[in-house]
Amino acid sequence: MTDIAVENLQITFPLYHGNARSLRKSLSKTLGRTLNTRFMHDNRDRVVVQALKGVSFTLQPGDRLGLVGGNGAGKTTLLRALAGIYEPVGGSVTVRGSIGTLLDPELGMNMDLTGRENIRLRGMFSGLNKEQTAQIEEDVESFASLGAFMDLPVNTYSSGMMVRLSFGLATAIMPDVLLMDEWFMAGDASFRNRARARLENLVSRADILVLSSHMADVMADWCNRLIWLDQGQVRMDGPTEQVLEAYLGRPLEHKADAEKPEEAPPAP
Amino acid sequence: MARCFGAEQAYAAGHNGSIKSMPTLHKQAGFSIALNTMNSTPTLPDTQEERAAKKQPPLSAAPQHAPQPEGQPVLHLVPERGFSYFVHAAQDFARGFRHARLGLTLAWLDIRLRYRGSILGPFWLTATTAIMVAAMGVLYAYLLNTDVHTYLPFLTLSLVLWGFVGGTMQEGCGTFTGAARLIHAARMPYSLHVLRVAVRNILVFAHNVPVVAGVFLWFHVTPKWTWTLLPATGLWLVDCFFAVLLLGILGARFRDVPPIIASLTQVMFFVTPILWSPQLMTTGQAWLLLDPFFPLIEILRAPFTGDVMQTAVWPAALGWSAVLIIATFCLFARMRTRLAYWV
């Protein structure tokens, strides 16, 4: 039985190093308008940013949860918290089942190694034996169709090849719970069609999918439940259509418009 | 902070981690997947269609189990309190060492990549050491008024050992900051990154061993009390792991640590008896034991050079190691879950 329970999850980032740290730069850039509410001082008078403030939800098998919200609303942080990368500062996260993460396109790949070597490393990390790794290698090779580039260092790849490789690799190992960030929509159109077929196959077999995206059509197609995150809090939680309409501020009928990536909605 | 009860049992329980409740999916597929991943139990995409495409036999005979909740990895994370800090730090070590093969491969690849495209490759290290030893050995033997035949083997071993200490300390600072991408990509034991850096430095050290061996052969030096070499090497390995962990944590939290360590290493190089034999000190040799590096170097060096070791050297080495290990373990237990936020 696969399930996810998140209770009153609190995630706060310490900002130790002032401007020297890119974290603060990027956070204050994206959160500029919410500075007053998100930055606070903790009990030791350090500046911390509250990335998630009391998020609670539970997911059952078959749930396809979409996370929507503006930049810096806490979508990626929530995905990382579900993956167990950021452990909670308050509250709890419980995930029953194996977890697969597609959080960033590089997937922790080593840019100086060849595509094939990266596949083998990942197989090793996932505890696969030789035959299984070979099977994955073959699978990724046929999907990514990199040809001779499979044996060249990853940093010689074009960005499209990079996405193809990492996407193929990330989707080659099948988890119970699949956590996906929005980057995988970045490829070109022909790749997206192929990726979509592969991903749909994967998504249909994962017990639980948690997906963060700006693309309304992706959300409408793949999710049966949406959580709208706003400034680290759940602003709305419910069936896809309902939340999406409230989020976009218009009825869902305009599907053609929704093809374009949606930008963050104006803050209320 | 992780309280992963269940997760450990799941890892121990074996292969039934991801059996699906949906009977049409042959996810288990008859082969066992080692459950030693932090990430989860992976299963390969092997629907009937895909298998057919790959001309593999259909897996209709694959066993279909009912869902086994106790066999599934469970990740339960709550803020740590009390004893759980230490339990989870120990679990992190256990999982890290279960991934030892991956740590080893990563370390080896690091070395290979660092010297890719160079002619001598990692043997540049060997050449550098050989040249330095030859130049310094002759000069300092003259300056210190000692016999080259005893001084050069001493210096070679000292320099190679110190090269390992200094290199490990310097690279230890970047253990977690250097692995930030991996840390943010998936959940994995932090000790794996420590293992990677430790093994990498041991491999670098191994490239310098031929220089030591060559000098020893040239000057007909034979190790004396060889049995003490075994515990000494063991202590070095343990200390190496914990030193990398300690500096990795400090380096992730305070960005000033690498330059501080660099200057500290330089000072210690001259203060510790590396270039000079401790026997040169006529009085107050015991003060040297306050330098943590001296007893550790001495337990590994004295058996080769035949130096007369102070009786307090081994207790001092063990004492300093105990301080390092206990302090590091407590710090790691306390800060483990913060590392992902820092890097």
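Quantities reported herein were computed from a predicted structural model and do not represent experimental measurements.

So, how was this worked out
Residues numbered from 1 in each chain as written. Chains lettered and ligands numbered in written order. Predicted model: local features only at pLDDT ≥ 70, side-chain atom pairs only at ≥ 80, totals over all residues. Heavy atoms only, no water. Patch = residues over 30% accessible without salt bridge, like charges linked within 9 Å, V, L, I, M, F, W, Y side chains within 5 Å. Areas by Shrake-Rupley, 256 points an atom, 1.4 Å probe, with all protein chains shown as cover. Salt bridge = Lys/Arg side-chain N within 4 Å of Asp/Glu carboxyl O. Helix = DSSP H or I, 4+ residues; strand = E, 2+ residues; numbered from the N terminus. Axes fitted to C-alpha atoms, helices over the stretch in contact; angles between N-to-C directions. Parallel < 35°, antiparallel > 145°, perpendicular 65-115°, else oblique. Contact = heavy atoms within 4.5 Å. Nonpolar A, V, L, I, M, F, W, Y, C, P; charged D, E, K, R; others polar. Pairing = 2+ DSSP bridges. Buried < 20%, exposed > 50% of the residue type's maximum accessible area, 1.4 Å probe, protein only.

*Asks:* What is the right way to look at a nonpolar patch on the surface in this model?
*Replies:* There is a patch of nonpolar side chains on the surface, built from Leu139, Tyr142, Leu143, Leu144 and Leu280 of chain B and spanning about 520 Å² of accessible area. Looking at where leucine 143 of chain B falls in the secondary structure, it is placed in helix H5 (residues 123-143).

*Asks:* What am I meant to see in the packing of helix H3 (residues 84-98) of chain B against helix H12 (residues 313-335) of chain B here?
*Replies:* The axes of two packed helices give the description: the angle between them and the distance between them. All names here are of chain B. Where H3 meets H12, the closest approach of the two axes is 8 Å, and the angle between their N-to-C directions is 100 degrees. Relative to H12, H3 is oriented roughly perpendicular. Contacts between H3 and H12 involve Tyr85, Phe86, Ala89, Ala90, Asp92 and Phe93 from the former and Phe329, Cys330, Phe332, Ala333 and Arg334 from the latter. Of the residues assigned to the contact of H3 with H12, the class counts are 9 nonpolar, no polar and 2 charged.

*Asks:* Would you mind going over the sheet that holds strand S10 (residues 233-238) of chain A with me for this structure?
*Replies:* The pairing of strands in a sheet comes from backbone hydrogen bonds and takes either a parallel or an antiparallel form. Residues and elements named next belong to chain A. Within the open sheet, the 6 strands sit side by side as S6-S7-S8-S4-S9-S10. Their pairing is mixed. Here the strands that pair on one side only, and so sit at the sheet edges, are strand S6 (99-102) and S10. Strand-to-strand twist in this sheet, taken as the mean axis angle between neighbours without regard to direction, amounts to 15 degrees. Pairing between strand S4 (residues 64-68) and strand S9 (residues 225-230): 4 bridges, direction parallel. Looking at S9, one finds that glycine 66 is bridged to leucine 226.

*Asks:* Would you explain the pattern of salt bridges in this entry?
*Replies:* Think of it this way: side chains of opposite charge can pair up when their charged atoms draw near. Residue and element names in this part refer to chain A. In the structure shown here, the tally under the stated rule is 16 salt bridges over all chains. Residues arginine 96 and aspartate 3 are paired through a salt bridge, measuring 3.4 Å at the closest nitrogen-oxygen approach. Of this pair, arginine 96 sits in strand S5 (residues 90-96) while aspartate 3 sits in strand S1 (residues 3-14), and the two are 93 residues apart along the sequence. By relative accessible area, which is 16% here, aspartate 3 ends up buried. Its salt-bridge partner being arginine 120, residue glutamate 137 comes within 3.2 Å of it at the nearest N-O pair. One end of the pair, glutamate 137, is in helix H5 (residues 130-144); the other, arginine 120, is in helix H4 (residues 115-125), and 17 residues separate them in sequence. According to the relative accessible area criterion, arginine 120 is partly exposed, its value standing at 43%. Taken together, the shared-partner salt bridges connect Arg116, Arg120, Glu137, Glu141 and Asp151 into one network.

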